[in-house]
Amino acid sequence: MSSTEFSVLMATYGRDDAVHLEQALASLLEQSLPASEVVLVEDGPIGDASRSVIERHRARLNIQSVVMPRNVGLATALNAGLQHCRHEIVFRFDSDDVALPQRFASQMSAFETVPQVDVMGSYAQEMDSAGTPGRIRSMPLSHDEILATLWACPLIHPTVAYRRSRILAIGGYRTDLRRSEDYDLWFRCAKAGMRFANLPEALILHRFDETSHLRHAFRDALERAMSGYRGASLLGMPLWTRLACFVPLLRAVLPTPLRHRAYRLLSRFDPRRTGPGV
């Protein structure tokens, strides 16, 4: 196998929007460096519309379906998909996002240039449910910067590519977590001595708008806060970072119409931001 071969790992389930799935898969066809395979986990039964989208793109994208008999949640679905990925470099991608044409080429080139990196993300540009682009979400770039802000989750999961063997060596994603499986994973990667990096360019359009906060219940926010606290404690991070993991929990107790406003306000103090204009 050549060094440019890699897998894309995705998951979809019955409530996903088939139009968004179509846009996600279509964006993979526009890559300047095509993926070797797309491992697509069907997390329980999916609708006819999504099935049609997958079949329409199967041959050109070399889609390898992993079918779960029932909905098992993202973490379990991704672990199942990882077992079926044939290549060492695995790109995560969400079924409602859009990959910009240079995404795979940029990250694969960076892996070859800096071979000691195990987990590599990038910036992302937000878009609303209609696909209208919004602000660019920036992240710390170097390993040391990422490690210092790990409590704030300085990696955007659907932008990340990682070395499959290293992720499997620490047991993959924790399956008892509902929504913070990536957050928890980065702490365990750090504990295992893995190296991080982010590229300073937006490589995906990430679907995020005012309704995004409606999908996160209080228990999800509490789980994320506790995952951050445990992870920061695991790494021996300062007490203030452990307590800071609970700040986003305050947003979850606000009335629904105020949550997005609070998100924008708190983002001004986000330690992950890097530089003006982003």
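Everything quoted here is computed from the prediction, not taken from an experiment.

About the criteria used
Residues numbered from 1 in each chain as written. Predicted model: local features only at pLDDT ≥ 70, side-chain atom pairs only at ≥ 80, totals over all residues. Heavy atoms only, no water. Helix = DSSP H or I, 4+ residues; strand = E, 2+ residues; numbered from the N terminus. Buried < 20%, exposed > 50% of the residue type's maximum accessible area, 1.4 Å probe, protein only. Contact = heavy atoms within 4.5 Å. Areas by Shrake-Rupley, 256 points an atom, 1.4 Å probe, with all protein chains shown as cover. Axes fitted to C-alpha atoms, helices over the stretch in contact; angles between N-to-C directions. Parallel < 35°, antiparallel > 145°, perpendicular 65-115°, else oblique. Nonpolar A, V, L, I, M, F, W, Y, C, P; charged D, E, K, R; others polar. Salt bridge = Lys/Arg side-chain N within 4 Å of Asp/Glu carboxyl O. Pairing = 2+ DSSP bridges. Core = buried A, V, L, I, M, F, W, Y, C linked by side-chain atoms within 4.5 Å. Expected span 1.5 Å × (residues − 1). Polar contact = N/O pair within 3.5 Å; in protein donor to acceptor, adjacent residues only side chain to side chain. Phe/Tyr/Trp six-rings, centres within 6.5 Å; stacked < 30°, edge-to-face > 60°.

**Q** I'd like a rundown of the overall build of the chain, residues and numbers included.
**A** Helix and strand counts for the chain come out as 11 helices and 9 strands. A buried classification covers 51% of the 278 residues belonging to the chain. Within the chain, contacts between residues at least 6 apart in sequence are counted, and of these 80% link residues at least 24 apart. Surface summary for the chain: the accessible area is close to 12,500 Å², and the carbon and sulfur share equals 56%.

**Q** Please give an account of the packing of helix 1 (residues 18-29) against helix 2 (residues 48-61) that cites residues and values.
**A** The contact between helix 1 and helix 2 brings their axes to 9 Å, and the two run at 5°. Compared by their axis directions, helix 1 and helix 2 come out roughly parallel. Two secondary-structure elements touch here, helix 1 through Ala18, Leu21, Glu22, Leu25, Ala26, Leu28 and Leu29 and helix 2 through Ala49, Ser50, Val53, Ile54, Arg56, His57, Arg60 and Leu61. Of the residues that constitute the contact of helix 1 with helix 2, the class distribution is 10 nonpolar, 2 polar and 3 charged.

**Q** Account for the pattern of salt bridges, naming residues and giving values.
**A** For the structure on display, the rule yields 14 salt bridges. The salt bridge involving Glu37 is made with Arg86; its shortest N-O contact spans 3.3 Å. One end of the pair, Glu37, is in strand 2 (residues 37-43); the other, Arg86, is in the loop between helix 3 (74-84) and strand 4 (89-92), and 49 residues separate them in sequence. Judged by relative accessible area, Glu37 falls into the buried class, the value being 1%. In this structure, Arg174 and Asp176 form a salt bridge, with 2.6 Å as the shortest nitrogen-oxygen distance.

**Q** So what about helix 7 (residues 181-191)? Which residues, and what values?
**A** Among the 11 residues in helix 7, 10 count as buried, and that is most of the element. Where helix 7 is concerned, the buried positions are Glu181, Asp182, Tyr183, Asp184, Leu185, Trp186, Phe187, Arg188, Cys189 and Ala190. Two residues or fewer after helix 7 comes Gly193, characterised by a positive phi angle close to 85°.

**Q** Hey, could you go over the pairing of strand 7 (residues 133-137) for me, with residue numbers and the actual values?
**A** Here strand 6 (residues 119-127) pairs with strand 7 via 3 bridges, running antiparallel. Bridging from a neighbouring strand, Met127 pairs with Pro133 of strand 7. Where strand 6 folds back onto strand 7 in an antiparallel hairpin, the turn is made up of 5 residues, including Gly131, whose phi is positive at roughly 90°.

**Q** Can you tell me about the nonpolar core, naming the residues and giving the values?
**A** Core analysis: the biggest nonpolar cluster contains 36 residues, and Leu9, Val119, Tyr162, Trp186 and Cys189 have the highest contact counts within it. A total of 6 residues in this core trace back to one element, the largest contributor, which is helix 7. Not counting chain neighbours up to four residues away, the residues in contact with Tyr162 comprise Leu9, Leu82, Glu88, Ile89, Val90, Arg92, Phe111, Asp118, Val119, Ile167, Tyr173 and Trp186. Within the second largest apolar cluster, 34 residues are counted, among which are Ile54, Phe93, Ala161 and Leu199.

**Q** Break down helix 1 for me, with residues and values.
**A** Compared with the 16 Å implied by 1.5 Å per residue over 12 residues, the 17 Å span of helix 1 between its first and last C-alpha is a close match. Near the N-terminus of helix 1, the side chain that reaches the backbone nitrogen of Val19, with its oxygen 2.7 Å away, is that of Asp17.

**Q** Go over the side chain of His206 with me, naming the residues and quoting the values.
**A** Residue placement: His206 occurs in strand 9 (residues 196-207). Classification of His206 as buried rests on a relative accessible area of 12%. At 3.0 Å, the side chain of His206 and the side chain of Asp97 are in polar contact. Not counting residues within four places of it along the chain, the set of residues in contact with His206 comprises Asp97, Ala124, Gln125, Glu126, Met127, Arg137, Ile156 and Pro158.

**Q** Lay out the packing of aromatic side chains with the relevant residues and their values.
**A** Tallying each qualifying case throughout the model produces 6 aromatic pairs. With centroids separated by 5.4 Å and ring planes inclined at 75°, the aromatic side chains of Trp151 and Trp240 adopt a geometry described as edge-to-face. Of this pair, Trp151 sits in the loop between helix 5 (143-148) and strand 8 (161-163) while Trp240 sits in helix 9 (residues 239-244), and the two are 89 residues apart along the sequence. Residue Trp151 is classed as buried on the basis of its relative accessible area, which comes to 12%. Take Trp240: its relative accessible area is 56%, and that puts it in the exposed class. Cluster of aromatic residues (ring-pair linked, three or more members): Phe6, Phe91 and Phe104.

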